[in-house]
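# Examining the three-dimensional arrangement
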Amino acid sequence: MARGPIVMFVLLPVSTIILFIGENFLVSADTMVTGMVFCDQCKDGQRSFFDYPLYGAKVVIECNGGSGSEQDTTNWFGNYNVQFDGSVDLTGCTARVVDAPDQCGSGFGPAQELTLMFELFGSVLYTAEPLLAEPRAPMSFCPRDEKPSPPQPVVSPPSLPSNLPTPLSSPPPPSNLPTPPSSPHPPALLAPIRLPPVLPPPVPPSTRLPRVFPIMQASACPYDKWLMPQFQCYWRVVTPNTSVALAFGPLAAARYGADMTLWDGLQRRGDAYRTLLREATTSLLNSYNSLRFFYSSLRVIGDMNAALLESTPQAMRIALRFRRANSGQLSSQRLTCNFSPCN
């Protein structure tokens, strides 16, 4: 009677398995530096809710004050990943922005020192604090600090000299003066004097209410509002000529082409993916225009890319959700469009 093959299982100790994994991991060990770059729209030298992740910024790693040879360019979410072959000690090295797109490439913030996050089986990961790039001038919606007026010098009154002569005392009046005769008629009463009304003091400038920035107002506008020429001043961060590929990433470029602009995307009608592009572009513009919109800009970009990977019915559902948000009726909170004609 023929027998089948005998299968034997060998139980290895856990330490042996870990050592085996570690030895194989060391073969492909490397060092990576990761971080983010933001556009400092207000040029205040620090991150704020007005700043956004910057695409296309070039970051280099510098050690011992020398020029960096390893570099990377940020992706659509402002992330960079600089990789070194093997396990490299980057203690004391820094990350610095050396180039950025024209809309936010006028100046760059200081370099940031690298921080070791972990080291495992020879692979090392470093991070750095967010790097900043600056535009040519602060945006119009940025707050401006009013400089206080310099204090006026206090002038003390002149002191009197101490060697003045002592004034002479006047003699007392004589006590034997005749008493004036009393009048038989009492004196007439004078009419009361009317004083002018007292006006309230003016309100000092320091107690006036602060101006509300338009970007802090809740707003949601449909796509046809963004197509009107009288509302062109509300386009922020992007312009009508910005390409769909630059705004949403490679998946959108593969679906809609590299030459299609956001202005063209607002006029798409027909199938599910054209509706998706129109409503996603509108939600992206609303998120840049109002910080109190239902979705943030990163959420809009993420949902748009997720819809491009889904089936046609799922893409249509996401497009309809964008449309409800753009009409201001996504949740119990109702938003209206705060547009007024541009000057």
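Refer to the structure presented above.
Here's what I pulled together on the structure shown here. (Residues numbered from 1 in each chain as written. Predicted model: local features only at pLDDT ≥ 70, side-chain atom pairs only at ≥ 80, totals over all residues. Heavy atoms only, no water.)

### Examining the packing of aromatic side chains
Scanning all chains against the criterion turns up 10 aromatic pairs. With 6.5 Å between their ring centres and 70 degrees between their planes, Phe231 and Tyr234 make a pair best called edge-to-face. We classify Tyr234 as buried; its relative accessible area is 10%. On the basis of an interplanar angle of 25 degrees and a centroid distance of 4.3 Å, the ring pair of Tyr234 and Phe339 is categorised as stacked. One end of the pair, Tyr234, is in the loop between helix 2 (223-226) and helix 3 (244-248); the other, Phe339, is in the segment after helix 8 (312-326), and 105 residues separate them in sequence. (Phe/Tyr/Trp six-rings, centres within 6.5 Å; stacked < 30°, edge-to-face > 60°. Buried < 20%, exposed > 50% of the residue type's maximum accessible area, 1.4 Å probe, protein only. Helix = DSSP H or I, 4+ residues; strand = E, 2+ residues; numbered from the N terminus.)

### A closer look at helix 8
Structural remark: α-helix, 3.6 residues per turn; residues separated by three or four positions point the same way. Across its 15 residues, helix 8 extends 21 Å between first and last C-alpha, which sits within 8% of the 21 Å expected from 1.5 Å per residue. Contact partners of the buried residues in helix 8: helix 6 (272-289) and helix 7 (297-309). Looking one or two residues past helix 8, Gly328 carries a phi angle of roughly 80 degrees, positive in sign. (Expected span 1.5 Å × (residues − 1). Contact = heavy atoms within 4.5 Å.)

### Things to note about the nonpolar core
Of all hydrophobic cores here, the largest spans 37 residues; its most connected members are Trp226, Val244, Phe248, Tyr256, Leu276 and Met304. Those elements that provide at least two residues to this core are helix 2, helix 3, helix 4 (250-256), helix 6, helix 7 and helix 8. Ranked by residue count, the leading element in this core is helix 6, at seven residues. Residue contacts for Val244: discarding those within four places in its chain leaves Gly249, Ala252, Tyr256, Met260, Thr261, Leu262 and Leu277. Of all hydrophobic cores here, the second largest spans 23 residues; its members include Val33, Val37, Ala100 and Leu131. (Core = buried A, V, L, I, M, F, W, Y, C linked by side-chain atoms within 4.5 Å.)

### Observations concerning the packing of helix 7 against helix 8
The N-to-C vectors of helix 7 and helix 8 enclose an angle of 155 degrees; their axes lie 9 Å apart at closest approach. The orientation of helix 7 with respect to helix 8, classified from their angle, is roughly antiparallel. Helix 7 and helix 8 meet at a crossing whose hand is left-handed. Note on element contacts: helix 8 touches helix 7 through Ala315, Ile318, Arg321 and Phe322, opposite Val300, Asp303, Met304 and Ala307. (Axes fitted to C-alpha atoms, helices over the stretch in contact; angles between N-to-C directions. Parallel < 35°, antiparallel > 145°, perpendicular 65-115°, else oblique. Left-handed = near helix turned anticlockwise from the far one by under 90°.)

### Observations regarding the sheet that holds strand 3 (residues 58-62)
As summarised here, the arrangement of the four strands in space is 4-3-6-8, forming an open sheet in which the pairing is antiparallel. Here the strands that pair on one side only, and so sit at the sheet edges, are strand 4 (70-73) and strand 8 (112-113). In this sheet, strand 4 lies alongside strand 3 in antiparallel orientation, the contact comprising four bridges. Bridging across to strand 4, Val59 finds its partner in Asp72. (Pairing = 2+ DSSP bridges.)

### So, the state of the cysteines
For the coordinates displayed, the defined rule picks out five disulfides. For Cys63, the disulfide goes to Cys93, at an S-S distance of 1.9 Å. Residues Cys63 and Cys93 share a disulfide whose torsion about the S-S bond is about 110 degrees; that sign makes it right-handed. One end of the pair, Cys63, is in the loop between strand 3 and strand 4; the other, Cys93, is in the loop between strand 5 (79-85) and strand 6 (94-99), and 30 residues separate them in sequence. Cys233 shares a disulfide with Cys342; S-S distance 1.9 Å. What sets the handedness of the Cys233 and Cys342 disulfide is the S-S torsion sign, and at about -80 degrees it is left-handed. Placement of the pair is Cys233 in the loop between helix 2 and helix 3 and Cys342 in the segment after helix 8, with a sequence separation of 109 residues. Owing to a relative accessible area of 46%, Cys233 belongs among the partly exposed residues under this scheme. Residue Cys342 is classed as partly exposed on the basis of its relative accessible area, which comes to 26%. Shown here for the protein is a disulfide pattern of 1-5, 2-6, 3-4, 7-9, 8-10, where each number marks a bonded cysteine counted in sequence order. (Disulfide = S-S within 2.5 Å.)

### Side note on the side chain of Glu134
Relative to the assigned elements, Glu134 resides in strand 11 (residues 131-134). Although Glu134 lies buried, it forms no salt bridge, and the closest oppositely charged side chain, Lys43, sits 4.1 Å away as judged by the N-O distance. Apart from residues no more than four positions distant in its own chain, Glu134 is found in contact with Asp40, Lys43, Cys104, Gly105, Ser106 and Gly107. (Lys, Arg positive; Asp, Glu negative; His and termini not counted. Salt bridge = Lys/Arg side-chain N within 4 Å of Asp/Glu carboxyl O.)

### Quick look at the pattern of salt bridges
Scanning all chains against the criterion turns up four salt bridges. The closest approach of N and O atoms between Glu62 and Arg96, which form a salt bridge, is 2.5 Å. Taken together, the residues span a long stretch of sequence, with Glu62 in strand 3 and Arg96 in strand 6 at a distance of 34 residues. For Arg321, the salt bridge is made with Asp303, and the minimal N-O distance between the two is 3.6 Å. You can see Arg321 sitting in helix 8 and its partner Asp303 sitting in helix 7, a full 18 residues away along the chain.

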